[in-house]
Amino acid sequence: MAAISVSARRKTEPPAHADPSQGRAALRQRIRRHLTGHGFLLGALLCFAYFSWYPMVREVIMSFQKTKRGRTTWVGTENLDRIFADPDFWHAWRNTLLFTVLALVLGFAVPFVVAVLLNELRHAKAYLRILVYLPVMLPPVASVLLFKYFYDPGYGLFNAILKALHLPTSAWLNSPTTSMPSVVIAATWMNMGGATLIYLAALQGIPGELYEAAELDGAGLLRRIWHVTIPQTRLILSLLLLLQIVATMQVFVEPYLLTGGNGPQNSTLTVVNLIYQYAFSFNNYGSASALGLVMLLVLAGFSALYVRLSRTND
């Protein structure tokens, strides 16, 4: 036992002939290697901080300030009180929520259905995937101008199709009742390609044995989708639902280019369009920042609530 304890003690003790300079050299080499790696990360971190974090911090500060003739003064909650008293504030939020709901009905369900259909096909999958993703590759301005031509009440393609089918034509973007659905249709066509490919990738990751077992049990297509496809892709569905809600509530390009940002009777005025008008039409950057801060808090609160509910359901 004494021999064993002595040998164990000798193993734990550092060698007597160890050179301290070698240890310091190894330490310097390790520090230099880590500094090199963190140096590459530091550039990306600084760019992200400057272009993402700094604007958010600056927006919070400007929402409590007022700039007039080059002089900036601290006004407290005056900007918030002003936007809450503006009737367009509530009108813009109603339009934004309407756009979000309509976009979820079309933009969330349609890509999933298209992905399921593509996954069921046996031939020409690659060509159809390219066809579905093609609108995403087009510049947004070109796509919007294309739909503006389609929606023209005089010579537009959609009214020409309705006339050929002997159906009543529509005013599309020139009517308060159809302007927002028209914007939603254009936005869905422009952005559905990316979501469709993500759904298709998730569908192709489902084990084929599950579908084979469902078919042996006599399950049809709809039952296979309900009992196999949706449960297996629930994580992707939840993630894209959250991302789509956040993205649709910040819609700007489609209503701005199709209807000028307001539309007939302010039917397409959204929150981001109102922020744009505050800043660049009225030169009121304080109110624009205050409205942006309100949207940031609303989206952050919704995201936190959604993540909490998702964890509870899991």
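Here is what the cut-offs are and how they apply
Residues numbered from 1 in each chain as written. Predicted model: local features only at pLDDT ≥ 70, side-chain atom pairs only at ≥ 80, totals over all residues. Heavy atoms only, no water. Helix = DSSP H or I, 4+ residues; strand = E, 2+ residues; numbered from the N terminus. Rg over C-alpha atoms; globule rule 2.2 N^0.38 Å. Buried < 20%, exposed > 50% of the residue type's maximum accessible area, 1.4 Å probe, protein only. Contact = heavy atoms within 4.5 Å. Areas by Shrake-Rupley, 256 points an atom, 1.4 Å probe, with all protein chains shown as cover. Lys, Arg positive; Asp, Glu negative; His and termini not counted. Charge placed at Lys NZ, Arg CZ, Asp CG, Glu CD. Phe/Tyr/Trp six-rings, centres within 6.5 Å; stacked < 30°, edge-to-face > 60°. Patch = residues over 30% accessible without salt bridge, like charges linked within 9 Å, V, L, I, M, F, W, Y side chains within 5 Å. Salt bridge = Lys/Arg side-chain N within 4 Å of Asp/Glu carboxyl O. Pairing = 2+ DSSP bridges. UniProt positions renumbered as here; feature names shortened; annotations may be inferred. Expected span 1.5 Å × (residues − 1). Arc of directions from axis to C-beta.

Caption draft 1: Seen up close, the overall build of the protein. When you go through the protein residue by residue, the secondary structure sums to 14 helices and 2 strands. The C-alpha radius of gyration of the protein comes to 29 Å, more than 25% above the 20 Å expected for a compact globule of 314 residues. If one aligns the C-alpha atoms of the protein with their principal axes, the spans along those axes are about 105 × 75 × 35 Å. A buried classification covers 33% of the 314 residues belonging to the protein. The contacts in the protein between residues at least 6 apart in sequence include a share of 64% that link residues at least 24 apart. Accessible surface computed for the protein: about 20,000 Å², of which carbon and sulfur atoms make up 67%. In the protein, the 25 positive side-chain charges and the 15 negative ones have mean positions that sit 12 Å from each other.

Caption draft 2: Broad picture of the packing of aromatic side chains. Using the criterion set out here, one finds 27 aromatic pairs in the structure. On the basis of an interplanar angle of 90 degrees and a centroid distance of 5.0 Å, the ring pair of Tyr-50 and Phe-51 is categorised as edge-to-face. Residue Phe-51 is classed as exposed on the basis of its relative accessible area of 62%. Counting every residue linked through ring pairs, the aromatic cluster contains Phe-147, Tyr-149, Phe-150, Tyr-151, Tyr-155, Phe-158, Trp-172 and Trp-189.

Caption draft 3: Geometry of a nonpolar patch on the surface. Among the surface-exposed residues, Leu-42, Leu-45, Leu-46, Phe-48, Trp-53, Met-56 and Leu-296 lie close enough to one another that they form a single nonpolar patch of about 660 Å² accessible area. Locating Trp-53 in the fold gives a position in helix H2 (residues 20-62). Using a relative accessible area of 42% as the deciding quantity, one classes Trp-53 as partly exposed.

Caption draft 4: Expanded view of unusual backbone geometry. The phi dihedral of Trp-172 falls on the positive side, at around 55 degrees, and the residue is not glycine. You can see Trp-172 is positioned in the loop between helix H7 (157-164) and helix H8 (179-204). Phi at Asn-283 takes a positive value of approximately 55 degrees, unusual for a residue other than glycine. Counting through the fold element by element, Asn-283 comes out in the loop between helix H13 (271-281) and helix H14 (285-313).

Caption draft 5: The pairing of strand E1 (residues 65-68), seen in detail. For E1 and strand E2 (residues 71-74), the ladder comprises 4 bridges, and the chain directions are antiparallel. Its bridge partner being in E2, Gln-65 is matched across the sheet by Trp-74. In sequence, E1 turns back onto E2 through a hairpin of 2 residues, with Arg-69 there showing a positive phi of about 55 degrees.

Caption draft 6: Quick peek at the UniProt feature "domain: ABC transmembrane type-1" (unreviewed entry) in the protein. With numbering matched to this structure, UniProt assigns "domain: ABC transmembrane type-1" (unreviewed entry) to residues 93-306. Segment residues 93-306 splits into 76% helix and 0% strand. End C-alpha atoms: 20 Å apart.

Caption draft 7: Expanded view of helix H10 (residues 221-232). Between the first and last C-alpha of H10 there are 15 Å, a value that for 12 residues agrees with the 16 Å anticipated at 1.5 Å per step. If you check which residues of H10 are buried, you get Arg-224, Ile-225, Val-228 and Thr-229. Projection of H10 onto a plane perpendicular to its axis shows the buried side chains occupying an angular sector of 125 degrees, all on one side. Set apart from the buried face of H10 by more than 90 degrees, the exposed residues are Leu-222, Trp-226 and His-227. On the buried face of H10, the contacting elements are helix H4 (87-120), H8 and helix H9 (208-216).

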